[in-house]
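Structural features, examined
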Amino acid sequence: MIKKEMIAMLLAGGQGSRLGVLTAKVAKPAVAFGGKYRIIDFPLSNCINSGVDTVGVLTQYQPLRLNTHIGIGIPWDLDRNIGGVTVLPPYEKSENSEWYTGTANAIYQNLNYMESFNPEYVLILSGDHIYKMDYSKMLDYHIANNADSTIAVIDVPRSEASRFGIMTCDEEGRIVDFTEKPKEPKSTLASMGIYIFKWKLIRQYLIDDGNDPESEHDFGKNIIPRMLEDGRKMYAYSFDGYWRDVGTIDSLWETNMELLDENPQIDLNDDKMRIYTRNFSLPPHYIAPGASVKNSILADGCVIEGEVENCVIHSGVKIGKGSVVKNSVIMKDTVVRTDCQIDKALIDEEVVIEQGCKVGEGNNVTVIGYHCVALENATVEDGAMIYPDTILH
């Protein structure tokens, strides 16, 4: 029988509805980030950098772009004969077929996949955060405490604590209280949605939860509280590195802009914890005579003939003469024609902005969805959210 010390289960099926038009046709983990990446690249890269070479990716909502991006796992060295990466959508069974109805239910429906590797431990991850983390250190902490469960936590401002699962710990780091998204949080220790469980134990909890008609089948609402009630040894693993929840338009824009800081908090050039992604073998970017680029990230295949300042420009983007683009994120294969003005925008992939258009005024984030076309001299109002495939006059 195959034996793995720890396998990872990566929850990547969420819609990410707070990202609005950017997730109308794509799952949140597949949203582009940082010039050449997608959000899911971060947990996948963390896995291989941590020595975790068996990853199940659970998909559901709008999975096409995500599935295409992952492929057989080559960019992350996860194309393995034993283990590697496996995409796990919901599937029809002989009885009781259903969509994934919660985080715990998604894992429960894939018990057979996990059992085939007979692991000692299971690592549960979310596919929609930007961070670098060595999961092997968290596993060492888990083993040292002989814990039944270990939850990665980060200290958050009290004003934001109600958005997270919040826990209280004793002096040794053992969790004594956990509440999912409390109205009045007792602490500021927030769950990062990263869990390590003893496999044999969590297997039984998942089975019991799957047979409970009253359960919402959610780790934060059901599994974790039930384990606490049973007196299980549950510990918090404190993480003090860079971690961002990019679940809103503002947070996605801000996290992209943080990459342009003089000393960014997350170092994408760190060889020890490199972030891997799918590459498209595009030519180098080109900056034409008379063009201007200030404090920006340019990916492969870009052609810049206008002015770019404080921007993250993804692969294959073209910006024409006389156009001025500031404080914006322009995603893959978008074309900005001549004499356009763009300020504080998130523009999705394969958008065409024709000559003389004005997008945003720099006050609020203006968002244009996938495959839109802004016709000549169109104006997109500051803070607008334009649905995919829209033609703007």
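Description of the structure in this document. All values derive from a computational prediction rather than experimental measurement.

What counts and what doesn't
Residues numbered from 1 in each chain as written. Predicted model: local features only at pLDDT ≥ 70, side-chain atom pairs only at ≥ 80, totals over all residues. Heavy atoms only, no water. Helix = DSSP H or I, 4+ residues; strand = E, 2+ residues; numbered from the N terminus. Rg over C-alpha atoms; globule rule 2.2 N^0.38 Å. Buried < 20%, exposed > 50% of the residue type's maximum accessible area, 1.4 Å probe, protein only. Contact = heavy atoms within 4.5 Å. Areas by Shrake-Rupley, 256 points an atom, 1.4 Å probe, with all protein chains shown as cover. Lys, Arg positive; Asp, Glu negative; His and termini not counted. Charge placed at Lys NZ, Arg CZ, Asp CG, Glu CD. Phe/Tyr/Trp six-rings, centres within 6.5 Å; stacked < 30°, edge-to-face > 60°. Expected span 1.5 Å × (residues − 1). Arc of directions from axis to C-beta. Salt bridge = Lys/Arg side-chain N within 4 Å of Asp/Glu carboxyl O. Axes fitted to C-alpha atoms, helices over the stretch in contact; angles between N-to-C directions. Parallel < 35°, antiparallel > 145°, perpendicular 65-115°, else oblique. Left-handed = near helix turned anticlockwise from the far one by under 90°. Nonpolar A, V, L, I, M, F, W, Y, C, P; charged D, E, K, R; others polar. Core = buried A, V, L, I, M, F, W, Y, C linked by side-chain atoms within 4.5 Å. Pairing = 2+ DSSP bridges.

Considering the overall build of the chain
Per the secondary structure count, the chain includes eight helices and 32 strands. For 393 residues, the compact-globule estimate of 2.2 N^0.38 gives 21 Å, and the C-alpha radius of gyration of the chain, at 22 Å, lies within 12% of that figure. In terms of its C-alpha atoms, the chain occupies a principal-axis envelope of roughly 65 × 45 × 40 Å. Counting over 393 residues, the chain shows a buried share of 54%. Counting only contacts in the chain whose residues sit at least 6 apart along the sequence, the fraction spanning at least 24 positions is 54%. Accessible area of the chain: about 17,400 Å², with a carbon and sulfur share of 45%. Placing the 37 positive and 56 negative side-chain charges of the chain at their respective mean positions leaves the two points 2 Å apart.

Details of the packing of aromatic side chains
How two aromatic rings sit relative to each other is set out by the distance from centre to centre and by the angle between their planes. Considering all chains together, one arrives at nine aromatic pairs under this definition. Taking 6.5 Å as the distance between ring centres and 85° as the angle between the ring planes, the aromatic pair formed by Tyr141 and Tyr235 counts as edge-to-face. Placement of Tyr141 in helix H5 (residues 135-144) and of Tyr235 in strand E12 (residues 234-238) is noted, with a sequence separation of 94 residues between them. Under the relative-accessibility criterion, Tyr141 is labelled partly exposed at 24%. With 5.7 Å between their ring centres and 25° between their planes, Phe197 and Phe219 make a pair best called stacked. Of this pair, Phe197 sits in strand E11 (residues 189-198) while Phe219 is found in helix H7 (residues 219-229), placing the two residues 22 residues apart along the sequence. Pair check on accessibility: Phe197 and Phe219 agree, each one buried. By the ring-pair criterion, three or more aromatic residues cluster together here, those being Phe33, Tyr37 and Phe42.

Structural notes on helix H6 (residues 199-210)
One turn of the α-helix equals 3.6 residues, which is why residues spaced by three or four share an orientation. Over its twelve residues, H6 extends 16 Å from the first C-alpha to the last, a length consistent with the 16 Å expected when each residue adds 1.5 Å. For H6, every residue scored as buried is listed here: Trp199, Leu201, Ile202, Tyr205, Leu206 and Asp209. Taken end-on, H6 shows its buried residues confined to a sector of 160°, consistent with a single buried face. Buried-residue contacts for H6 involve helix H3 (103-108), helix H4 (111-115), strand E6 (121-126), E11 and H7.

Let's talk about the pattern of salt bridges
For the structure shown, the criterion picks out 20 salt bridges. The partner of Glu354 in a salt bridge is Arg337, with the nearest N and O atoms 3.3 Å apart. Residue Glu354 is located in the loop between strand E26 (352-353) and strand E27 (358-359), and its partner Arg337 is located in the loop between strand E23 (335-336) and strand E24 (341-343); the two are separated by 17 residues in the primary sequence. Look at the salt bridges and you will find they share partners, linking Lys28, Asp128, Glu160, Arg163 and Asp245 into a network.

What to know about the packing of H6 against H7
How two helices sit against one another is set out by the angle between their axes and by the gap between those axes. Where H6 contacts H7, the two axes come as close as 11 Å, and the packing angle between them is 120°. By the angle between their directions, the pair H6 and H7 is classed as oblique. With respect to the hand of their crossing, H6 and H7 are arranged in right-handed fashion. Listed contacts from H7 to Leu201, Ile202, Tyr205, Leu206 and Asp209 of H6 are Phe219, Asn222, Ile223, Arg226 and Met227. Considering only residue class, the contact of H6 with H7 consists of seven nonpolar, one polar and two charged.

Observations regarding the nonpolar core
In this structure, Leu44, Val55, Val57, Leu125, Met133, Ile194 and Leu346 are the most contacted members of the largest nonpolar core, which totals 68 residues. Apart from residues lying up to four places away in sequence, Val57 is in contact with Leu10, Ala12, Ile40, Leu44, Ile70, Val85, Thr86, Val87 and Leu88. Among the nonpolar cores identified, the runner-up in size contains 33 residues, and Ala104, Ile107, Ile224 and Ala236 belong to it.

Side note on the sheet that holds strand E14 (residues 286-287)
Spatial strand order, E14-E17-E20-E23-E26-E29-E32: seven strands in an open sheet with parallel pairing. Bordering the open sheet on either side are E14 and strand E32 (391-392), each of which pairs with just one other strand. For E26 and strand E29 (residues 373-374), the ladder comprises two bridges, and the chain directions are parallel. Among the inter-strand pairings, Ile353 is bridged to a residue of E29, identified as Ala374.

Digging into the environment of Gly71
Here Gly71 lies in the loop between helix H2 (64-70) and strand E5 (84-88). Once the C-alpha coordinates of Gly71 and Arg278 are considered, the two residues, 207 residues apart in sequence, prove to be 9.2 Å apart.

Here we look at the pairing of strand E4 (residues 54-58)
For a regular strand, side chains alternate in direction, first toward one face of the sheet and then toward the other. For E4, the tally of buried residues reaches five of five residues, placing the bulk of the element in the interior. Side chains of E4 alternate between two faces, with Thr54, Gly56 and Leu58 and Val55 and Val57 buried alike. Examined bridge by bridge, strand E1 (residues 6-11) and E4 share four bridges and lie parallel to one another. By the bridge assignment, Ala8 is partnered in E4 with Val55. Relative to E5, E4 runs parallel, the two being bridged by five bridges. Bridge pairing in E5 places Val57 opposite Val87.

A few points about the side chain of Asp148
The topology assignment puts Asp148 in the loop between H5 and strand E8 (149-155). Taking relative accessible area as the criterion, Asp148 reaches 11% and is therefore assigned buried. Residue contacts for Asp148: discarding those within four places in its chain leaves His142, Ile196, Phe197, Lys198, Leu201, Met227, Arg232 and Lys233.

So, the environment of Thr179
In this fold, Thr179 is placed in strand E10 (residues 175-180). Contact partners of Thr179, with chain neighbours within four places excluded, come to Phe164, Gly165 and Ile166.

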